[in-house]
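In case you want the letters, here they are:
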Amino acid sequence: LRIESSGVVTNPNQPFIMCVGSTNGSAGYTAGSVINHWSNQGTPIGITRSGGRFTVSVSGKYQFNSNLYSYVSSAGHYRVFLAINGNPYALSQLEVTAAGMVASPYDHTLNFSIILNLAANDYVELKVDGAQDFYAGGQHNNLSMFLLG
């Protein structure tokens, strides 16, 4: 990792991580659970993953992107929080009404694309607000995070 006198981190070792879903099955989560069905796609640099927790080693602005393929079989509020150091920061939500149910299960996609200002050793994770199931396959889920500067 090279940091210039101005504080800019330069390539080729700029922190990044890329993940996909870890299984071809499904993953069920209870309220407050951290989404952890990730598998690293290549070797991350400067960002460590422990389950569903992504910890950065360098302060800066990070681009965070994720795509989760959720399915539900009843009406309700379905939310996923992006949390920094355990505290909710951003929300992706779907409202499903009985009238809006096309079939059971009802499939939907929850996405995040956001720039985060993080300090060294901060961590980011995705948490469900209530019980929710996800297709956990690599083609259904992806997550990437990289240092912008």
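Here, every reference points to the structure presented above.
Residues numbered from 1 in each chain as written. Predicted model: local features only at pLDDT ≥ 70, side-chain atom pairs only at ≥ 80, totals over all residues. Heavy atoms only, no water.

A. Up close: the nonpolar core. Ranked by size, the top nonpolar core spans 29 residues in total, and within it Ile35, Phe64, Val80, Leu82, Leu126 and Met145 carry the most contacts. A per-element tally of this core places strand S11 (residues 106–118) first, with 4 residues. Residues in contact with Phe64, not counting those within four places in the same chain, are Leu82, Phe112, Ser113, Ile114, Leu116, Val124, Leu126, Leu143, Ser144 and Met145. (Core = buried A, V, L, I, M, F, W, Y, C linked by side-chain atoms within 4.5 Å. Buried < 20%, exposed > 50% of the residue type's maximum accessible area, 1.4 Å probe, protein only. Helix = DSSP H or I, 4+ residues; strand = E, 2+ residues; numbered from the N terminus. Contact = heavy atoms within 4.5 Å.)

B. Just the pairing of strand S6 (residues 47–50), in detail. Bridge count for S6 against strand S7 (residues 53–56) is 4 bridges, and the pairing is antiparallel. What sits directly across from Arg49, in S7, is Phe54. In this antiparallel pair of consecutive strands, S6 and S7, the connection spans 2 residues, and Gly51 shows a positive phi of 65°. (Pairing = 2+ DSSP bridges.)

C. The arrangement of unusual backbone geometry in detail. A positive phi is found at Asn85, a non-glycine position, where the angle reads about 55°. If you trace the backbone, Asn85 turns up in the loop between strand S9 (76–84) and strand S10 (87–96). The residue Asn121 is not glycine, and still its phi comes out positive at about 75°. When you line up the elements, Asn121 lands in the loop between S11 and strand S12 (123–128).

D. The pattern of salt bridges, seen in detail. Taken as a whole and assessed by the stated rule, the structure comprises 3 salt bridges. Note that Arg79 is salt-bridged to Asp129, the shortest N-O span being 3.0 Å. Placement of the pair is Arg79 in strand S9 and Asp129 in the loop between S12 and strand S13 (132–135), with a sequence separation of 50 residues. One salt bridge connects Lys127 with Glu125, and the closest N-O pair in it is separated by 3.8 Å. Given the relative accessible area of 21%, Lys127 is considered partly exposed. You can call Glu125 buried: its relative accessible area is 4%. Residues joined by salt bridges that share partners form a network here, namely Arg53, Glu125 and Lys127. (Salt bridge = Lys/Arg side-chain N within 4 Å of Asp/Glu carboxyl O.)

E. Quick look at a nonpolar patch on the surface. The grouping of Ile115, Phe146 and Leu148 at the surface amounts to a nonpolar patch, some 260 Å² of accessible area in total. Counting through the fold element by element, Ile115 comes out in strand S11. Note on Ile115: relative accessible area 45%, which makes it partly exposed. (Patch = residues over 30% accessible without salt bridge, like charges linked within 9 Å, V, L, I, M, F, W, Y side chains within 5 Å. Areas by Shrake-Rupley, 256 points an atom, 1.4 Å probe, with all protein chains shown as cover.)

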